[in-house]
Amino acid sequence: MKSVWIVLKEQFGNLGMIFRISRYDEHAEYQSHYLGLAWEILNPIIQVGVYYLVFGMGLRGNRSVNGVPFIAWMLIGMSAWLFMNTSMNRSSKSITGKLYVISKMQFPVSTLPSVTIVSNLTAYWAMLAVAVFSVLVSGVPITIYWLQFFYYFICMIAFTFAMAIFSATMTVLVRDYQFILQSILRVMLYLSGAIWNLTGSGLPPKLVKFLQLNPIYYVINGYRSAFLSDGLIWENKKATLLFWLITSIILVIGCHLHVKFRARFVDLA
Amino acid sequence: MDDTVKIRARLITKEYDMYKTRADKVKAMLSVHKGKAPDFWALKGVSLEVHSGEALGIIGINGSGKSTFSNIISGIIPPTSGDLEIHGDVSIIAIGAGLKGELTGLQNIRVKALMSGMTNQEIDEIIQPVIDFADIGAFIDQPVKSYSSGMRSRLGFAIAVHQHPDILVVDEALSVGDSTFYEKCMEKMDEFKSEGKTIIFISHALAQVEQFCDKVLWMHYGDVREYGDTEEVLTHYRTFTGRFNNLSKKEKRAYQNEAKHKQAVFTLDDLYAREKAESSLPRPVSDAELKQLCARNSIGDPMSKTTWFFLIAMILAALALGTEMVRSPKPLKSALPAPTAVVQTIATETPSRPWKI
């Protein structure tokens with residue numbers, strides 16, 4: 001519990017630095033590219049386009065989901081999924097990638113995963129704008145349900161941060177972890193209901209319920225319930241409780257490992 | 001000039017496990033009981049007090065533990081045992097250290113300054129002085145990997161001194177610069193000294209040490225061989241190196257091997273016995289405190305009982321809840337009539353509007 005407190009204190013104490021470094025990293029990364037930061041948004045749009053062709057037009061024949069056009073339904077989920085997927089993948093390398101500089105200076109290492117998360121937010125806002133636009137064009141009304149967005153945004157950040165601090169530490173300790181995570185996330189795209197509707201699928205109901213325990217599903221489904229005005233947070237008390245339990249478990253283990261081993265990171269470099 | 005202690009190191013040791021693979025290393029870190037890995041003690045109980053405004057030179061032949069010690073007092077690597085107090089910000093300069101090869105000189109300045117917590121405005125203020133000080137011309141916009149070792153150390157030094165540290169550790173970084181740059185650095189370091197900042201200067205160039213340092217620490221295979229006034233220690237060190245260099249190759253090897261062997265078989269109990277017989281600490285300590293100083297520092301705290309309890313409780317709760325949710329006959333999402341109906345009405349009212357990209 002103490003380590004969770006230490007890590008969180010370091011995040012909030014260095015919030016300004018986290019934002020400055022992430023902004024700088026973004027600019028530095030795309031500096032030599034003609035299209036620059038546009039790639040941050042072009043890349044996912046191409047990806048989403050392909051998924052729409054395959055899963056929306058191809059497999060589903062562009063049928064709607066609960067009366068909402070597939071593209072709007074998918075984009076809402078995909079924007080959250082892409083953010084979580086990219087953040088988790090990149091943050092797992094955040095500490096190993098900066099060992100060259102932290103090996104010669106004192107630095108609050110626990111902020112590095114947050115830097116990655118913050119820099120991914122730029123792409124997220126852009127994707128979310130595209131998604132909301134598609135929702136509005138589809139004729140779905142804006143309701144009070146949309147306010148739930150703020151809650152699910154906090155959920156998304158909390159879960160991503162817990163995973164990020166855990167993954168970044170694990171990658172330093174065991175390099176193989178990064179590949180394990182990558183493989184799991186690749187499968188998660190399909191199992192988390194980001195591109196196809198779990199409830200409307202032909203899967204056995206027990207299996208669907210099992211897949212719905214996934215915290216990523218909770219966030220994706222939550223966004224959909226907010227923007228498509230389809231359900232409220234407290235209608236699913238059990239799912240909410242389970243989500244926060246899983247997030248807390250990962251956070252406690254991640255922070256503990258991080259605080260325990262961070263002094264030795266340089267020895268392991 | 002005030003006489004506050006800036007660095008107090010007491011019986012610092014550093015053990016390196018000579019594992020062959022990373023996997024062994026991680027396994028040893030995770031397990032409570034240490035396996036029988038070959039050890040190497042880079043430091044065997046170094047004590048030291050440095051005051052503000054003092055310039056301390058660290059000398060010693062290769063492999064004596066100078067760099068290990070400087071990394072420990074910079075807070076970069078943790079000591080295996082012993083106690084370290086540092087009052088102030090430390091900035092360390094080693095040859096080409098902490099610079100990323102793919103980034104340009106300018107980008108490196110920014111990244112290092114950002115990571116030390118400076119705001120963009122502060123960075124904009126120091127960036128020109130850093131460039132002027134480094135004086136590497138148009139190379140500032142080139143990737144650091146194309147730099148010569150001299151240029152790297154110039155840039156490293158320029159960045160470090162502009163971060164306004166209280167304690168500056170210079171680890172052989174000036175040995176690759178030319179005399180003009182060396183003079184410039186010396187000027188800067190004198191300026192620091194007069195401001196009451198502490199400088200730790202690690203070098204093989206005895207003339208530089210003689211010129212600049214008030215006190216000298218002579219390290220010898222992980223031990224403090226001598227600590228005192230510059231002139232005295234340097235005289236002894238010169239005598240030693242003179243004698244050592246006159247030895248035949250075979251004798252040199254035998255001498256080194258013996259010292260290395262001692263570093264391999266060293267234990268913390270030896271340190272305790274040594275200190276008990278004759279204390280090397282500047283201030284006497286009680287027996288209990290000495291025992292604590294000679295005990296291995298724990299690698300972070302183990303998980304507390306409360307945390308364990310909470311963690312296990314949370315895992316059990318999550319498992320129970322998960323099972324319950326899968327077993328319950330009710331579908332997870334309860335169908336809400338009102339808003340869903342709204343959506344459906346709208347969807348049915350405008351069925352002829354196919355979505356197009």
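- Under an unreviewed UniProt entry, the name given to chain B is ABC transporter ATP-binding protein, and the source organism is Lacticaseibacillus mingshuiensis.
- Under the UniProt heading Sequence similarities (unreviewed entry), the entry covering chain B gives this text: "Belongs to the ABC transporter superfamily."

- The name an unreviewed UniProt entry gives chain A is Transport permease protein, with Lacticaseibacillus mingshuiensis as the organism.
- Under the UniProt heading Sequence similarities (unreviewed entry), the note attached to chain A is "Belongs to the ABC-2 integral membrane protein family."
- The record held by UniProt for chain A lists under Subcellular location (unreviewed entry) the comment "Cell membrane".

1. Let's talk about the overall build of chain A
So, step 1. For chain A, the count of helices and strands is 13 helices and zero strands.
So, step 2. When the helices and strands of chain A are read in sequence order from the N terminus, they spell out α-α-α-α-α-α-α-α-α-α-α-α-α.
So, step 3. At 19 Å, chain A has a C-alpha radius of gyration in line with the 18 Å of a compact globule built from 269 residues.
So, step 4. Each principal axis of the C-alpha distribution contributes one length, and for chain A these read about 55 × 45 × 35 Å.
So, step 5. Here chain A holds 269 residues, and the buried ones make up 58% of them.
So, step 6. Carbon together with sulfur atoms contributes 70% to the accessible area of chain A, which is approximately 11,000 Å² in total.
So, step 7. A distance of 7 Å separates the average location of the 20 positive side-chain charges in chain A from that of its 9 negative side-chain charges.

2. Here we look at the nonpolar core
So, step 1. Of all hydrophobic cores here, the largest spans 154 residues; its most connected members are A:Met74, A:Trp81, A:Tyr223, B:Phe157 and B:Met189.
So, step 2. Ranked by residues supplied to this core, first place goes to helix α8 (residues 148-173) of chain A with 16 residues.
So, step 3. Mapped onto the domain boundaries, this core takes at least three residues apiece from domain 1 (5-88 + 166-301) and domain 2 (308-349) of chain B.
So, step 4. Those residues in contact with A:Trp81 that sit more than four places away from it in its chain are A:Leu185, A:Met188, A:Leu189, A:Ser192, A:Ala194, A:Ile216 and A:Ile220.
So, step 5. Counting 22 residues, the second largest nonpolar core, distinct from the first, contains B:Ile77, B:Ile200, B:Ile202 and B:Met219.

3. Some details on the sheet that holds strand β8 (residues 215-220) of chain B
Residues and elements named next belong to chain B.
So, step 1. As summarised here, the arrangement of the six strands in space is β5-β6-β7-β3-β8-β9, forming an open sheet in which the pairing is mixed. Edge positions in the sheet fall to β5 (90-94) and β9 (223-229), since each has one partner strand and no second. This sheet shows a mean twist of 15° between the axes of neighbouring strands, independent of strand direction.
So, step 2. Packing of helix α6 (residues 179-194) onto the sheet brings it into contact with β3 (55-59), β6 (167-171) and β7 (198-202), and relative to β7 it is tilted by some 145°.
So, step 3. Contacts between helix α8 (residues 230-246) and the sheet are confined to β3, β8 and β9, with β9 contributing the most and set at about 135° to the helix.

4. Topic: the pattern of salt bridges
Working definition: two side chains of opposite charge can pair if their charged atoms are close together.
Residues and elements named next belong to chain B.
So, step 1. If you walk through the whole model with that rule in mind, you get 19 salt bridges over all chains.
So, step 2. One salt bridge connects Glu 195 with Lys 197, and the closest N-O pair in it is separated by 3.4 Å.
So, step 3. On the basis of relative accessibility, which here comes to 14%, the residue Lys 197 falls in the buried class.
So, step 4. One network of salt bridges, in which partners are shared, links Lys 44, Asp 223, Arg 274 and Glu 275.

5. Quick notes on helix α12 (residues 305-327) of chain B
So, step 1. Look at α12(B): 33 Å from first C-alpha to last across 23 residues, which is about the 33 Å you get at 1.5 Å a residue.
So, step 2. Every buried residue of α12(B) is accounted for by B:Thr307, B:Leu311, B:Met314, B:Ala318, B:Leu321, B:Gly322, B:Met325 and B:Val326.
So, step 3. In this structure, the buried residues of α12(B) make contact with α10 (205-211) and α12 (237-261) of chain A.

6. Re the packing of helix α11 (residues 215-227) of chain A against α12(A)
Residue and element names in this part refer to chain A.
So, step 1. Relative to each other, α11 and α12 sit at 130°, their axes nearing to 9 Å. Here α11 is positioned oblique relative to α12, judged by the angle of their axes. Along this stretch, α11 crosses α12, giving a crossing that reads as left-handed. For the pair formed by α11 and α12, the contact residues are Pro 215, Tyr 218 and Val 219 on the first element and Ala 239, Thr 240, Phe 243 and Ile 246 on the second.
So, step 2. Taken together, the residues of the contact of α11 with α12 sort by class into six nonpolar, one polar and no charged.

7. Digging into the sheet that holds strand β4 (residues 81-86) of chain B
Residue and element names in this part refer to chain B.
So, step 1. Judged by pairing direction, the sheet is antiparallel, and its three strands sit side by side in the order β2-β1-β4 without closing on themselves. The open sheet has two free edges, formed respectively by β2 (39-51) and β4, since each of these has just one partner strand. Direction aside, the axes of adjacent strands within the sheet are offset by 20° on average.
So, step 2. The sheet strands contacting helix α2 (residues 66-73) are β1 (5-17), β2 and β4, and the helix crosses β1 at an angle near 125°.

8. What to know about the packing of aromatic side chains
So, step 1. Inspection of the entire model under this criterion finds 31 aromatic pairs over all chains.
So, step 2. Taking 6.5 Å as the distance between ring centres and 5° as the angle between the ring planes, the aromatic pair formed by A:Tyr223 and A:Phe227 counts as stacked. Taken together, the residues A:Tyr223 and A:Phe227, both in helix α11 and four residues apart, mark about one turn of the helix. Each member of the pair, A:Tyr223 as well as A:Phe227, carries the same accessibility label: buried.
So, step 3. The lysine or arginine in question, B:Lys184, covers the ring of B:Phe133, its NZ or CZ lying 5.3 Å from the ring centre.
So, step 4. Stacked on the ring of B:Phe192, the Lys or Arg B:Lys197 has its end atom at 4.6 Å from the ring centre.

Thresholds, definitions, all that
- Residues numbered from 1 in each chain as written.
- Chains lettered and ligands numbered in written order.
- Predicted model: local features only at pLDDT ≥ 70, side-chain atom pairs only at ≥ 80, totals over all residues.
- Heavy atoms only, no water.
- UniProt positions renumbered as here; feature names shortened; annotations may be inferred.
- Helix = DSSP H or I, 4+ residues; strand = E, 2+ residues; numbered from the N terminus.
- Rg over C-alpha atoms; globule rule 2.2 N^0.38 Å.
- Buried < 20%, exposed > 50% of the residue type's maximum accessible area, 1.4 Å probe, protein only.
- Areas by Shrake-Rupley, 256 points an atom, 1.4 Å probe, with all protein chains shown as cover.
- Lys, Arg positive; Asp, Glu negative; His and termini not counted.
- Charge placed at Lys NZ, Arg CZ, Asp CG, Glu CD.
- Core = buried A, V, L, I, M, F, W, Y, C linked by side-chain atoms within 4.5 Å.
- Domains from an automatic or database assignment.
- Contact = heavy atoms within 4.5 Å.
- Pairing = 2+ DSSP bridges.
- Axes fitted to C-alpha atoms, helices over the stretch in contact; angles between N-to-C directions.
- Salt bridge = Lys/Arg side-chain N within 4 Å of Asp/Glu carboxyl O.
- Expected span 1.5 Å × (residues − 1).
- Parallel < 35°, antiparallel > 145°, perpendicular 65-115°, else oblique.
- Left-handed = near helix turned anticlockwise from the far one by under 90°.
- Nonpolar A, V, L, I, M, F, W, Y, C, P; charged D, E, K, R; others polar.
- Phe/Tyr/Trp six-rings, centres within 6.5 Å; stacked < 30°, edge-to-face > 60°.
- Lys NZ or Arg CZ within 6 Å of the ring centre and 35° of its normal.

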